Amino acid sequence: MDVESRLAVIEQNLMERLAAEIAQDAVLDALIATHPDQRAVRNAYQAISAYRLTQFGDLGFEQQAPANSVANVFGLLREQFDAWQGKLSTDI
């Protein structure tokens, strides 16, 4: 497989992931907006996101991943979690 073909496959994979994330975002927005107890949703989300960050840190340590790589992805995860927390906070 030549370089151009590989790049095309990677690009297709990224586009499929983006489409899935956009669809998931819409579903989550709908679920959040229609849930009768918005405060419970926010509190559960805070607990789950904190736990997921801990899991990610533990996995990086167990896999002996380079510290910079773990920190970079951890930062990206934190940004995504914070963005969703912002959405939840504005819905209350």
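Below you will find a few notes about this structure. Source: prediction; values computed, not measured.

### Focus: the overall build of the chain
Step number 1: What the chain contains, in helices and strands, is three helices and zero strands.
Step number 2: The globule rule puts the C-alpha radius of gyration for 92 residues at 12 Å, and the 17 Å found for the chain is more than 25% above it.
Step number 3: In terms of its C-alpha atoms, the chain occupies a principal-axis envelope of roughly 55 × 30 × 15 Å.
Step number 4: Long-range contacts, defined here as pairs at least 24 residues apart, represent 73% of the contacts in the chain between residues at least 6 apart.
Step number 5: Accessible surface for the chain amounts to roughly 7,200 Å². Of this, 60% is attributable to carbon and sulfur atoms.
Step number 6: In the chain, which carries 7 positive and 13 negative side-chain charges, the distance between the mean positions of the two groups comes to 7 Å.

### Details of the pattern of salt bridges
Step number 1: Across all of its chains, the model carries three salt bridges by this definition.
Step number 2: Across the salt bridge formed by lysine 87 and aspartate 29, the nearest N and O atoms sit 3.8 Å from each other. You can see lysine 87 sitting in helix 3 (residues 67-91) and its partner aspartate 29 sitting in helix 1 (residues 3-34), a full 58 residues away along the chain.
Step number 3: A relative accessible area of 30% means that lysine 87 is categorised as partly exposed.
Step number 4: Overall, the relative accessible area of 31% leaves aspartate 29 in the partly exposed class.
Step number 5: Here aspartate 82 makes a salt bridge to arginine 78, at a shortest N to O gap of 2.9 Å. Here aspartate 82 pairs with arginine 78, and both are found in helix 3, just four residues apart, close to one helical turn.
Step number 6: Taking relative accessible area as the criterion, arginine 78 reaches 32% and is therefore assigned partly exposed.

Criteria and cut-off values
Residues numbered from 1 in each chain as written. Predicted model: local features only at pLDDT ≥ 70, side-chain atom pairs only at ≥ 80, totals over all residues. Heavy atoms only, no water. Helix = DSSP H or I, 4+ residues; strand = E, 2+ residues; numbered from the N terminus. Rg over C-alpha atoms; globule rule 2.2 N^0.38 Å. Contact = heavy atoms within 4.5 Å. Areas by Shrake-Rupley, 256 points an atom, 1.4 Å probe, with all protein chains shown as cover. Lys, Arg positive; Asp, Glu negative; His and termini not counted. Charge placed at Lys NZ, Arg CZ, Asp CG, Glu CD. Salt bridge = Lys/Arg side-chain N within 4 Å of Asp/Glu carboxyl O. Buried < 20%, exposed > 50% of the residue type's maximum accessible area, 1.4 Å probe, protein only.

These figures capture arrangement, not role.
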